[in-house]
Amino acid sequence: MTLLRPKYITFDCYGTLTNFQMAEAARDLYGAQLDEPRMAEFVRDFAAYRLDEVLGDWKPYAEVVHNSIERSCKRNGIKFRDEDARMVYERVPTWGPHADVPAGLAKVAKEIPLVILSNAMNSQIMSNVEKLGAPFHAVYTAEQAQAYKPRLQAFEYMFDMLGCAPEDVVHCSSSFRYDHMSANDIGIKNKVWVNRRHEPANPFYGYVEIPDISGLPGIFGL
């Protein structure tokens, strides 16, 4: 897949580009109530419930966060408070990029248009994008698509908006469960997995692996 020149490079934002800090938020809230093994279990539950919450009909991301924290608290025997969920949700726009992101993105953006497809709200995402340090051709949200990844509807919306086909893009993400499995199913053959070490490798899905975004320019001979 070296030296590709797609029409667009499409990206997941949270986790891949933006330093996704849901686990840290959970630890700030409940770390004083749980010992480390139980806290680690809570973090795993919180991640699992977030995925479960986005698999149905679209709903505002505040509800996704609220429901997944409430379910995690119930499972772990912790009192749930509405204000805790609101605090986590309101942190999202404050998150900045992984340290490797701005330089790598800026180099690629000079040659190939960059696009984001994010499980985000319109009111939040641009605060995160502005911190990434590179221009984006387009930013599409789950709110616009009325579907969250990994639902194929989210990818279909992106293709409709761009007026392109799966073969016209290289999709870049750190997540198989949210991005690369669905990208594979919808026909995106060219994929880049950013190994942020929050999911194991899965070679079945066919990708180029990079440790961080500093490795992205080399894939395109830049």
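Up top is the structure.
Note that this is a predicted model, so its numbers are computed, not measured.

Asker: Would you take a moment to explain helix α3 (residues 61–76) for this structure?
Answerer: Spanning 16 residues, α3 covers 22 Å between terminal C-alpha atoms, matching the ideal 22 Å at 1.5 Å per step. Tyr61, Ala62, Val64, Val65, Ser68, Ile69, Ser72, Cys73 and Asn76 are the residues of α3 that are buried. Viewed along the axis of α3, the buried residues span an arc of 160 degrees, placing them on a single side of the element. Residues of α3 that are buried in the fold lie against α1 (22–30), α2 (36–53), α4 (82–91) and α6 (122–129). Downstream of α3 by a residue or two, Gly77 has a phi angle that is positive, lying close to 70 degrees.

Asker: Even after reading the chapter, I still don't get unusual backbone geometry, so can you show me in this structure?
Answerer: Glycine aside, negative phi is the norm for most residues, and most peptide bonds take the trans geometry. The omega torsion of the bond from Lys149 to Pro150 falls at 15 degrees, within 30 degrees of zero and hence cis. Inspection of the secondary structure assignment puts Pro150 in the loop between α7 (142–145) and α8 (152–162). Notably, Gln146 is not glycine yet its phi reads approximately 60 degrees, a positive angle. As for its placement among the helices and strands, Gln146 is situated in the loop between α7 and α8.

Each value, and the rule that gives it
Residues numbered from 1 in each chain as written. Predicted model: local features only at pLDDT ≥ 70, side-chain atom pairs only at ≥ 80, totals over all residues. Heavy atoms only, no water. Helix = DSSP H or I, 4+ residues; strand = E, 2+ residues; numbered from the N terminus. Expected span 1.5 Å × (residues − 1). Buried < 20%, exposed > 50% of the residue type's maximum accessible area, 1.4 Å probe, protein only. Arc of directions from axis to C-beta. Contact = heavy atoms within 4.5 Å.

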